[in-house]
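Below are the chains, spelled out letter by letter.
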Amino acid sequence: MTTVVWFKRDLRVDDHGPLHDAAADDVIPLYVVEPDYWQLPDTSERQWAFMHDSLLDLDATLRDLGAPLIVRHGEVTAVLHRLREATGFTRLVSHEETGNDWTFQRDRAVARWCRQQGIQWREYRQFGVVRGPHNRDHWDHAWRRVMEAPAYPAPSRLTPALTADPRALESLTEPACRDQRPCPGRQRGGMSQGQTLLADFLEQRSRGYEKRISSPVTAWEASSRLSPHIAHGTVSLRRIVQQCRAAAAAPDIAGAHRRSLKAFRSRLHWHCHFIQKLEDEPAIEFQTIHPDLEGLRNPGDWPEALERWREGTTGWPLVDACMRALHHSGWINFRMRAMLMAVASYHLHQHWREPALHLARLFTDYEPGIHYPQAQMQSGLTGINALRIYNPVLQSHKLDPQGRFIRAWVPELADVPNEWLHTPWGLSSTQRSRLGAGAYPTPLIDHEEAARRARAHIKAWRQQHVRRELTDLVLERHGSRATRGRNRQSTSPSKRQSGSGNNGQMDLFQ
Ligand SMILES: Cc1cc2nc3c(=O)[nH]c(=O)nc-3n(C[C@H](O)[C@H](O)[C@H](O)COP(=O)(O)OP(=O)(O)OC[C@H]3O[C@@H](n4cnc5c(N)ncnc54)[C@H](O)[C@@H]3O)c2cc1C
């Protein structure tokens, strides 16, 4: 039997169920470059570049196993059709994908084509995300079952159904990407890069994880930096969970290090918890999680603010440093992603979708299932989470007190003393010119005033438009069971989502 293994965002051979099971057959390992996908507003050349590294690595490994990667361009059903005519394959295997709406519709088209052609298509789960009806109360248990199951070993040998592919991967025609912003500091893709990062993180860098991931000064080293590898599947999430557990169980591990590994493991759980939200409600890509918050902000309001936010010229140094670092490297830590999104939504009163798309394009680790729910959560659109209006000046003092990160990314402020670095608009124009900061913009709005306005606007909107019964439905559908349990015990229904209010954040729904 000939089986096509369709690689998508699972570019590895280890813990790859479809490849493992297909190894008994004649196999066609296939990757399809889909030109229409790379024209979508949430995709970019930097993501393709990471993918390309990973394809080269995958191809080299598959060649060693005996069956090189077959790469085709075009619409997937058309590619499969031609391949079917050429090889007569009868089985297609792949991983389930919670991608964006475009990939979901493409998968539906593939399913239709398979039915018409009498091809058996088996999809495997690679995450703890459940497709179809399921009981949210048992979700954690199901996640653990998947992560604790034995990983699939890489096949030791493959029998190729197509021996020589005339189109060598090295000469692959790159898709024309709609977004081509350069990313010189991008992480490299590929299985070996992912493995090295994981080993290095578990052995060394994770020691300071818990305490050092919030500051953009230290997070670059303290975070695992595995996100683009998880998003493109060059390392299996299950392997990461299992190796993390093994590292934490080592007898000689220090308490702080063990706590850090525990905190890291909870993030791996969040990965699937968030993706599950998009799996359960794909409309989240386009619509607010809480339907009554849809009209809170309008697309197209204040275009100058959006442009300045996008280009890292808001005049708030930490915000601009984060955006510019992201342009350069395709990655920024969680806290700063949250702050960027919150500043766009609250201070600059932007509708959530354009900022979310901009960030998606900038992230080499763009993962729709995490991205859209997170972007909405940080914009106050779920109706069930504490609102976090990050104070960009407070965050700046707290997370970059010496201005190391700011000076690295906002060179206009390199000579501004610490006293003024976080609030350079307080300098007179003569002082600014003397310090070489004359070209750095002043903010469009006072940030405290902007936060006050945002708070008042949301409060009024909520009183007028937000229906409790819909909030309860959102909570039922998307709320974390752990949080819900806590809420049930400790808060009255009207204060269900009251939050910490720390770290420069405010809870507006109290
Ligand atoms: C507005 C916004 C958009 C985001 N978009 C993405 C995205 O497109 N892709 C993406 O992978 N992450 C996204 N995140 C989550 C998080 O910021 C990144 O996963 C993390 O910064 C990646 O770095 P790391 O791998 O070093 O993280 P680590 O802290 O080392 O975490 C390990 C892994 O756990 C998962 N994870 C970590 N934090 C979260 C979280 N808060 N929610 C869900 N999963 C998490 C990721 O898979 C991550 O790679 C977003 C967060 C915000 C606030």
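Residues numbered from 1 in each chain as written. Predicted model: local features only at pLDDT ≥ 70, side-chain atom pairs only at ≥ 80, totals over all residues. Heavy atoms only, no water.

1. Some thoughts on the overall build of the protein chain
When you go through the protein chain residue by residue, the secondary structure sums to 23 helices and six strands. With the principal axes as the frame, the protein chain shows a C-alpha extent of 75 × 55 × 55 Å. Here the protein chain, with 510 residues, has 58% of them falling under the buried criterion. Contacts in the protein chain between residues far apart in sequence, at least 24 positions, make up 78% of those at least 6 positions apart. Looking at the protein chain as shown, the accessible area adds up to about 21,200 Å², and 51% of this sits on carbon and sulfur atoms. The distance from the centre of the 67 positive side-chain charges to the centre of the 58 negative ones in the protein chain is 6 Å. (Helix = DSSP H or I, 4+ residues; strand = E, 2+ residues; numbered from the N terminus. Buried < 20%, exposed > 50% of the residue type's maximum accessible area, 1.4 Å probe, protein only. Contact = heavy atoms within 4.5 Å. Areas by Shrake-Rupley, 256 points an atom, 1.4 Å probe, with all protein chains shown as cover. Lys, Arg positive; Asp, Glu negative; His and termini not counted. Charge placed at Lys NZ, Arg CZ, Asp CG, Glu CD.)

2. Things to note about the pattern of salt bridges
Following the criterion strictly, the structure yields 30 salt bridges and no others. In this structure, the salt-bridge partner of Lys8 is Asp107, at a minimum N-O distance of 3.0 Å. Of the two residues, Lys8 is situated in the loop between β1 (2-7) and α1 (17-22) and Asp107 in helix α4 (residues 101-117); the sequence distance between them amounts to 99 residues. In this structure, Glu221 and Arg212 form a salt bridge, with 4.0 Å as the shortest nitrogen-oxygen distance. Under the relative-accessibility criterion, Glu221 is labelled partly exposed at 47%. By relative accessible area, which is 32% here, Arg212 ends up partly exposed. (Salt bridge = Lys/Arg side-chain N within 4 Å of Asp/Glu carboxyl O.)

3. Thoughts on the UniProt feature "domain: Photolyase/cryptochrome alpha/beta" (unreviewed entry) in the protein chain
Following the UniProt record, the feature "domain: Photolyase/cryptochrome alpha/beta" (unreviewed entry) maps to residues 1-129 here. Along residues 1-129, the helical share is 43% and the strand share 22%, with 30 Å between the first and last C-alpha atoms. (UniProt positions renumbered as here; feature names shortened; annotations may be inferred.)

4. Thoughts on the domain arrangement of the protein chain
Structurally, the protein chain comprises domain 1 (2-124), domain 2 (191-279) and domain 3 (291-495). For domain 1 and domain 3, the distance between their C-alpha centroids amounts to 37 Å. In this complex, domain 1 contributes 10 residues to the contact, which on the side of domain 3 involves 13 residues. A combined buried area of about 940 Å² lies between domain 1 and domain 3, and 49% of that area is made up of carbon and sulfur atoms. When the buried surface of domain 1 facing domain 3 is broken down by residue, Pro41, Asp42 and Arg46 rank first, second and third, together holding 53% of it. If you look at where domain 1 meets domain 3, you find one salt bridge. For Glu367, the salt bridge is made with Arg9, and the minimal N-O distance between the two is 3.2 Å. On the surface where domain 1 and domain 3 come into contact, there are 10 residue pairs in polar contact (both at pLDDT 80 or more). When grouped by side-chain class, the residues that make up the side of domain 1 that touches domain 3 number one nonpolar, six polar and three charged. (Domains from an automatic or database assignment. Buried area = accessible area lost by both parts, 1.4 Å probe. Polar contact = N/O pair within 3.5 Å; in protein donor to acceptor, adjacent residues only side chain to side chain. Nonpolar A, V, L, I, M, F, W, Y, C, P; charged D, E, K, R; others polar.)

5. Looking at the UniProt feature "binding site: FAD" (unreviewed entry) in the protein chain
Listed under "binding site: FAD" (unreviewed entry) in the UniProt record, and renumbered for this structure, are Tyr209, Ser223, Ser224, Arg225, Leu226, Ser227 and Phe264. You can see Ser224 is positioned in the loop between α8 (219-222) and α9 (227-232). Given a relative accessible area of 10%, Ser224 falls into the buried group. With residues near it in sequence (within four places) discarded, Ser224 still touches Leu197, Phe201, Arg205, Tyr209 and Phe264. Look at Phe264 and you get buried, because its relative accessible area is 3%. The contacts of Phe264, once residues within four sequence positions are left out, are Phe201, Tyr209, Ser224, Leu226, Ile240 and Cys244.

6. Details of the packing of aromatic side chains
A complete count under the given rule lists 11 aromatic pairs for this structure. Measuring from ring centre to ring centre gives 5.7 Å for Phe201 and Tyr209, while their planes differ by 80°; the resulting arrangement is edge-to-face. For Phe201, a relative accessible area of 0% corresponds to the buried category. On the accessibility criterion, Tyr209 (5% relative accessible area) is buried. One aromatic cluster is present, built from ring pairs that chain together Tyr37, Trp38, Trp48 and Trp102. Against the face of Tyr124 rests Arg122, its NZ or CZ located 3.9 Å from the ring centre. (Phe/Tyr/Trp six-rings, centres within 6.5 Å; stacked < 30°, edge-to-face > 60°. Lys NZ or Arg CZ within 6 Å of the ring centre and 35° of its normal.)

7. Topic: the side chain of Gln374
As for its position among the elements, Gln374 is in helix α16 (residues 368-377). Among the residues examined, Gln374 registers a relative accessible area of 14% and is labelled buried. The contact partners of Gln374, leaving out residues within four places of it in the chain, are Phe274 and Phe334.

8. Notes on the site of the ligand
Lining the immediate environment of the ligand, one finds 28 residues, of which Tyr209, Ser224, Arg225, Asp365 and Glu367 sit closest. A distance of 2.6 Å separates an oxygen atom of the ligand from a polar side-chain atom of Ser224. Note that an oxygen atom of the ligand is positioned 3.0 Å from one of the backbone N or O atoms of Glu367. For the ligand, whose unbound accessible area comes to 820 Å², protein coverage reaches 98%. Put simply, the parts of the chain that give the shell around the ligand at least two residues each are α9, α11 (255-280), α14 (334-347) and α16. With six residues, α11 is the largest single contributor of residues to the shell around the ligand. Taken together, the residues of the shell around the ligand break down into 15 nonpolar, eight polar and five charged. (Near = heavy atom within 4 Å.)

9. Regarding helix α5 (residues 139-148)
Within α5, the full set of buried residues consists of Trp139, Ala142, Trp143, Val146 and Met147. All buried residues of α5 lie within an arc of 130° about the axis, which places them on one face of the element. At its buried positions, α5 is contacted by α10 (237-248) and α11. (Arc of directions from axis to C-beta.)

10. A look at the packing of helix α12 (residues 303-311) against helix α15 (residues 353-362)
At their nearest, the axes of α12 and α15 sit 11 Å apart, and the two run at 20° to each other. By the angle between their axes, α12 is roughly parallel relative to α15. Between α12 and α15 lies a crossing whose hand is right-handed. Facing α12, whose interface residues are Leu306, Trp309 and Arg310, α15 presents Glu354, Pro355, His358 and Leu359. Residue composition of the contact of α12 with α15, grouped by class: four nonpolar, one polar and two charged. (Axes fitted to C-alpha atoms, helices over the stretch in contact; angles between N-to-C directions. Parallel < 35°, antiparallel > 145°, perpendicular 65-115°, else oblique. Left-handed = near helix turned anticlockwise from the far one by under 90°.)

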